[in-house]
Amino acid sequence: MVTINNDDNYENENILVIDKIKLLFDRYNQKKIKQKYLKRKLTSYAKTSGFINNIYRKQAWNLLVHTSSDEYTTDINQIESHQYYEQIKLDVIRTLKRFPPNYSDSERSELQDELILIITKILIKHEELHYYQGYHDISLTFLLVLGEDLCLPVIDSITMSHLKYFMEPTMEKTRDSLLYLMPLINCINSECAEYMERGDVGHVIFALPWFITWYSHVLDDLPVILRLYDLFIVSHFLMPIYVAAEIVNYHADEILSKPCEMASLHQYLSYLPTEIDENTWEEIIRRALYLFENHHPDTLENLNHEWKIKCEYIENSSNKSIIRQRFDKNNNYNKQNLSQKSSTLSRIAFWGVTLTIGGLAIYLWNQTQLLDSTKFINLGDFLTQLYRTQ
């Protein structure tokens, strides 16, 4: 019996896609098709398969992302005196693992220096924007694909179309966008969503680095990162949230098998993207596109309202369960005592992890505000923003 290797099939499909994309560019260069038609076809490939080959990816990104001919500062004194320059420099130095292994030390050092300049030039141009840790991860990805000459205007454009909400003075819009994740999960797997809410991970902090770095900070596989970027540059800025919902949905059985408490669930959820192979990513992307088509961002406020009602029910039912346990006329004192200890430990674990995450987030934020202490936040402010009722 002949067996079919799925990896071989995947590779053959990739070769066919590359050939089709090459033919598209050839026809465009020969003036046989118009740019509008080329963009439409490239947008379709960006969603359904990605560009696979970096030669064509470079051409496609440069064509699909609308850029301007604005000039950027070349004044090195202005760059080095910028309020975020030192923080950017520190973050970029830590990007060692993001570089492919075929880069020499000198090549990597040269690109890191260029990345520092690129980010700072964009922030100088847009004075209203505030740097955040993770922006350098996204910028580096564009630099690796496009090179020094093309990446600056592309990063600038993507910043204003997709990332500006992460770069406001407060975390409010970022938090609000992130909180659409649970309503989406509830749409496609209500059992999993309820389990996560009961397990105190409904605040979805685990997905924050996925969202604000386009997964590039949590993934080591550059081809997978680039595949996701193909999708994100032609999609709504919330597409990473749709992808996150389908990542959770894909692993729902494993999530439901974990203890329903914050520490275990948060740890497992945080590392989910790193456990996904290329074929599975394609399935998740396909599902995310379908989810987006059926639940457009315009509908998310309604979904969020429905989810809040369900959360109130979950909270009330949990409270009733606690009351029933307290007044249960069960003589098994040892079991009851053990349950109370377990509940106490869960609460301690929840607040321990929450305070740790909150402390880290506050530290990172305050580090980016070293030159303006009026923008520092404390733990109370952070928790108020994170958990307050909308």
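Numbers given for residues are sequential positions, taken from 1 along each chain in its written order. Local features in a predicted model are, by the rule used here, given only for residues with pLDDT of at least 70; side-chain atom pairs are given and counted only at 80 or more, and totals for whole chains, interfaces and linings are based on all residues. Only hydrogens and water are removed before side-chain values are computed, so all heavy atoms of the structure are retained for them.

Considering the overall build of the chain
Logical step 1: Looking only at helices and strands, the chain has 19 helices and zero strands in total.
Logical step 2: Here the chain, with 390 residues, has 46% of them falling under the buried criterion.
Logical step 3: Residues count as neighbours in contact if any of their non-hydrogen atoms are within 4.5 Å of one another. Expressed as a percentage of contacts within the chain between residues at least 6 apart in sequence, the contacts between residues at least 24 apart total 77%.
Logical step 4: Summed over its atoms, the accessible surface of the chain is roughly 20,900 Å², and 51% of this surface lies on carbon and sulfur atoms. Only runs of H or I of at least four residues qualify as helices and only runs of E of at least two qualify as strands under DSSP, and these elements are numbered from the N terminus. Accessible area is worked out with a 1.4 Å probe on protein chains only. A residue is then buried under 20% of its type maximum, exposed over 50%, and partly exposed in between. All accessible-area figures derive from a Shrake-Rupley calculation using a 1.4 Å probe, and residue coverage is judged against the displayed protein chains alone.

Thoughts on the nonpolar core
Logical step 1: Definition of nonpolar core: a set of buried residues of the types Ala, Val, Leu, Ile, Met, Phe, Trp, Tyr and Cys, connected through side-chain atoms within 4.5 Å. Grouped together as the largest cluster of nonpolar side chains are 109 residues, with contacts concentrated most on L42, F142, M196, Y215 and V243.
Logical step 2: For this core, the element with the highest residue contribution is helix 7 (residues 135-163), accounting for 14 residues.
Logical step 3: Ignoring anything within four residues of it in the chain, the contact list for L42 reads I21, L24, F25, F51, A60, L63 and L64.

Remarks on the environment of R287
Logical step 1: Locating R287 in the fold gives a position in helix 16 (residues 278-294).
Logical step 2: It is 9.5 Å that separates the C-alpha atoms of R287 and Y250, two residues lying 37 residues apart in sequence.
Logical step 3: There is a polar contact of 2.9 Å between the side chain of R287 and the side chain of E283. We call two N or O atoms a polar contact when they sit within 3.5 Å, provided that within protein one can donate a hydrogen and the other can accept it, with sequence-adjacent residues counted only if both atoms are side-chain atoms.

So, the packing of aromatic side chains
Two measures describe an aromatic ring pair: the distance that separates the ring centres and the angle between the ring planes.
Logical step 1: Only Phe, Tyr and Trp rings take part, Trp by its six-membered ring, and two of them pair if their centres are within 6.5 Å. Stacked means planes under 30 degrees apart, edge-to-face means over 60, and tilted covers everything else. Scanning the entire structure with this criterion turns up 19 aromatic pairs.
Logical step 2: With a centroid separation of 6.1 Å and 25° between ring planes, the pair formed by Y215 and F232 is classed as stacked. Note that Y215 is positioned in the loop between helix 11 (208-212) and helix 12 (222-233) and F232 in helix 12, a separation of 17 residues in sequence.
Logical step 3: Among the residues examined, Y215 registers a relative accessible area of 0% and is labelled buried.
Logical step 4: Judged by relative accessible area, F232 falls into the buried class, the value being 1%.

Details of the confidence of the model for the chain
Logical step 1: Across the chain, each position has a pLDDT score giving the predictor's confidence in that residue, from 0 to 100. Confidence along the chain averages 85 in pLDDT terms, with 79% of residues attaining 70 or more.
Logical step 2: Counting interchain partners and residues more than four positions distant, the pLDDT-below-50 stretch residues 341-351 has seven contacts.
Logical step 3: Contacts of residues 386-390 to residues separated by more than four positions or lying in other chains number eleven contacts, the stretch itself having pLDDT below 50.

Quick look at the pattern of salt bridges
Where charged atoms from two side chains of opposite charge approach closely, those side chains can pair.
Logical step 1: The term salt bridge refers to a pairing of a side-chain nitrogen on Lys or Arg with a carboxyl oxygen on Asp or Glu at a separation within 4 Å. Here the structure, examined in full by the defined rule, presents 13 salt bridges.
Logical step 2: A salt bridge links D105 to R108; the shortest N-O distance between them is 3.1 Å. Of the two residues, D105 and R108 both sit in helix 6 (residues 105-125), three residues apart, roughly one turn of that helix.
Logical step 3: Residue R108 is classed as buried on the basis of its relative accessible area, which comes to 17%.
Logical step 4: A salt bridge links E194 to R198; the shortest N-O distance between them is 2.9 Å. Here R198 and E194 lie together in helix 10 (residues 190-198), a separation of four residues that amounts to about one turn.
Logical step 5: Residue R198 is classed as partly exposed on the basis of its relative accessible area of 33%.

Some points on the side chain of E261
Logical step 1: The topology assignment puts E261 in the loop between helix 14 (252-256) and helix 15 (262-270).
Logical step 2: A polar side-chain atom of E261 sits 2.4 Å from a polar atom in the side chain of S264.

With respect to helix 12
Logical step 1: In this model, helix 12 (twelve residues) spans 16 Å end to end at C-alpha, consistent with the 16 Å of a helix rising 1.5 Å per residue.
Logical step 2: Across the twelve residues of helix 12, ten count as buried, placing the element largely inside the fold.
Logical step 3: Residues of helix 12 that are buried: V224, I225, L226, R227, L228, Y229, D230, L231, F232 and I233.
Logical step 4: Those residues of helix 12 that are buried lie in contact with helix 2 (35-48), helix 3 (54-64), helix 7, helix 13 (239-250) and helix 16. For a helix, the expected span equals 1.5 Å multiplied by the number of residues minus one.

What about unusual backbone geometry?
Most peptide bonds take the trans form, and the phi angle of most residues other than glycine is negative.
Logical step 1: Located in the positive-phi region is I52, a residue other than glycine, with phi close to 65°.
Logical step 2: Relative to the elements of secondary structure, I52 occurs in the loop between helix 2 and helix 3.
Logical step 3: Its identity as a non-glycine residue notwithstanding, V204 has a phi of 50°, on the positive side.
Logical step 4: Structurally, V204 is set in the loop between helix 10 and helix 11.

What about a positive patch on the surface?
Logical step 1: A surface patch of like charges, here positive, comprises K20, K36, R40 and K41.
Logical step 2: Residue contributions to the positive patch peak at three residues, all from helix 2.
Logical step 3: Along the polypeptide, R40 turns up in helix 2. Residues enter patches when they are more than 30% accessible in relative terms and free of salt bridges; like-charged ones are connected within 9 Å and nonpolar ones (Val, Leu, Ile, Met, Phe, Trp, Tyr) within 5 Å. Charged residues are defined narrowly, with Lys and Arg counted positive, Asp and Glu counted negative, and His plus the chain ends left uncounted. We put the charge of a Lys on NZ, of an Arg on CZ, of an Asp on CG and of a Glu on CD.

A word on a negative patch on the surface
Logical step 1: On the surface, E107, E110, D113, E148 and D149 cluster together into a patch of negative charge.
Logical step 2: Here the negative patch gets three residues from one element, more than from any other, and that element is helix 6.
Logical step 3: Assignment of secondary structure puts E148 in helix 7.

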